[in-house]
Amino acid sequence: MSDVVLTLERSIDAPTDAVWQVLTDLDAAPTVLSGVTKVERLAGSGYTIGTRWRETRTMMGREATEEMEVVGIDPGRSTMLAAEAHGMRYRTEFTLEPVGAGTLLRMRFSGTSETPSWAQRLAAKLTARLGLAVTRKAMQQDLDDIAAAAEARSRA
């Protein structure tokens, strides 16, 4: 059962290789992504399938930490991340598309609960609007932060 799917995109005035470098530099995430306060590597070096880390973000004034894993890579073109928390499975896919001298960066986020209880379904109905708004805002900020860093990198 798919509970939520959000897709946002952002045009970036930088080539796809600059965007890819920013997107896949996990160790720089706290300095690039304004919502991320800490990244702690758990497995892997660099950016490969199986690389895992704990990412701490500030959401709605509170810190939340999720364990993330790289589950798919098409170098320079797309990557998929996975996380599980609170009975949900999350997937975030980034797709890079060259557009002239720039890049169209698409971010698709989905959250799935395989066997939601009646209480989970009720809570989801009650909080869906707020949850979608908060998630959309965080996704847009991530895209804007990635764009700013990639554009700065391509000018350097």
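Definitions and cut-offs
- Residues numbered from 1 in each chain as written.
- Predicted model: local features only at pLDDT ≥ 70, side-chain atom pairs only at ≥ 80, totals over all residues.
- Heavy atoms only, no water.
- Phe/Tyr/Trp six-rings, centres within 6.5 Å; stacked < 30°, edge-to-face > 60°.
- Helix = DSSP H or I, 4+ residues; strand = E, 2+ residues; numbered from the N terminus.
- Buried < 20%, exposed > 50% of the residue type's maximum accessible area, 1.4 Å probe, protein only.
- Core = buried A, V, L, I, M, F, W, Y, C linked by side-chain atoms within 4.5 Å.
- Contact = heavy atoms within 4.5 Å.
- Lys, Arg positive; Asp, Glu negative; His and termini not counted.
- Salt bridge = Lys/Arg side-chain N within 4 Å of Asp/Glu carboxyl O.
- Pairing = 2+ DSSP bridges.

Asks: Explain the packing of aromatic side chains here, please?
Replies: In this structure the tally under the stated criterion is two aromatic pairs. Taking 6.4 Å as the distance between ring centres and 80° as the angle between the ring planes, the aromatic pair formed by Trp 20 and Tyr 47 counts as edge-to-face. Remark: Tyr 47 occurs in the loop between strand S2 (36-43) and strand S3 (52-59) and Trp 20 occurs in helix H1 (residues 16-23); sequence separation between them is 27 residues. The same class applies to Trp 20 as to Tyr 47, namely buried. Seen from their ring centres, Tyr 90 and Phe 109 are 5.6 Å apart, and the 25° between their planes marks the pair as stacked. With Tyr 90 in strand S6 (residues 88-99) and Phe 109 in strand S7 (residues 102-112), the pair connects residues that are 19 residues apart, well separated along the chain. For Tyr 90, a relative accessible area of 21% corresponds to the partly exposed category.

Asks: Just checking my understanding: could you explain the nonpolar core for this structure?
Replies: Nonpolar side chains tend toward joint burial in soluble globular proteins. In this structure, Ile 12, Val 19, Leu 23, Leu 81, Phe 94, Leu 105 and Ile 146 are the most contacted members of the largest nonpolar core, which totals 30 residues. Put simply, the parts of the chain that give this core at least two residues each are strand S1 (2-12), H1, strand S4 (62-74), strand S5 (78-85), S6, S7 and helix H3 (118-155). Among residues more than four places away in sequence, those in contact with Val 19 are Ile 12, Ala 14, Leu 96, Thr 103, Leu 105, Ile 146 and Ala 150.

Asks: Looking at this model, I keep getting lost on the side chain of Glu 151. Mind explaining?
Replies: Topologically, Glu 151 is positioned in helix H3. Lacking a salt bridge, the buried Glu 151 has Arg 10 as its closest oppositely charged neighbour, with an N-O distance of 4.4 Å. Not counting residues up to four positions away in its chain, the partners in contact with Glu 151 are Arg 10, Ile 12, Asp 13 and Ala 14.

Asks: How do you make sense of the environment of Gly 100 when you look at a structure like this?
Replies: Structurally, the position occupied by Gly 100 is in the loop between S6 and S7. Considering only alpha carbons, one finds Gly 100 and Pro 15, 85 residues apart in sequence, at a separation of 8.6 Å.

Asks: What exactly am I supposed to notice about the pattern of salt bridges here?
Replies: Opposite charge on two side chains permits pairing when their charged atoms draw close. Tallying each qualifying case throughout the model produces eight salt bridges. Across the salt bridge formed by Arg 54 and Glu 40, the nearest N and O atoms sit 3.2 Å from each other. Of this pair, Arg 54 sits in strand S3 while Glu 40 sits in strand S2; the two residues are 14 residues apart in sequence, bridging distant segments of the chain. For Arg 54, a relative accessible area of 33% puts it in the partly exposed group.

Asks: Help me understand the pairing of S6 in this model?
Replies: Every regular strand shows the same layout, with side chains that alternate between the two sheet faces. Direction of pairing for S5 relative to S6: antiparallel, over a ladder of eight bridges. Bridged to Ser 78 within S6 is Thr 95. Note: S6 against S7, eleven bridges, orientation antiparallel. Note that in S7 the partner of Glu 93 across the bridge is Arg 108. Joining the antiparallel neighbours S6 and S7 is a turn of two residues, in which Gly 100 adopts a positive phi near 60°.

Asks: I tried to follow the environment of Met 139 on my own but got confused; where do I start?
Replies: Summarising the element assignment, Met 139 is placed in helix H3. Residues Met 139 and Thr 92 lie 47 residues apart in sequence; the distance between their C-alpha atoms is 10.0 Å. Other than its neighbours up to four places away in sequence, Met 139 contacts Leu 6, Leu 8, Met 107 and Phe 109.

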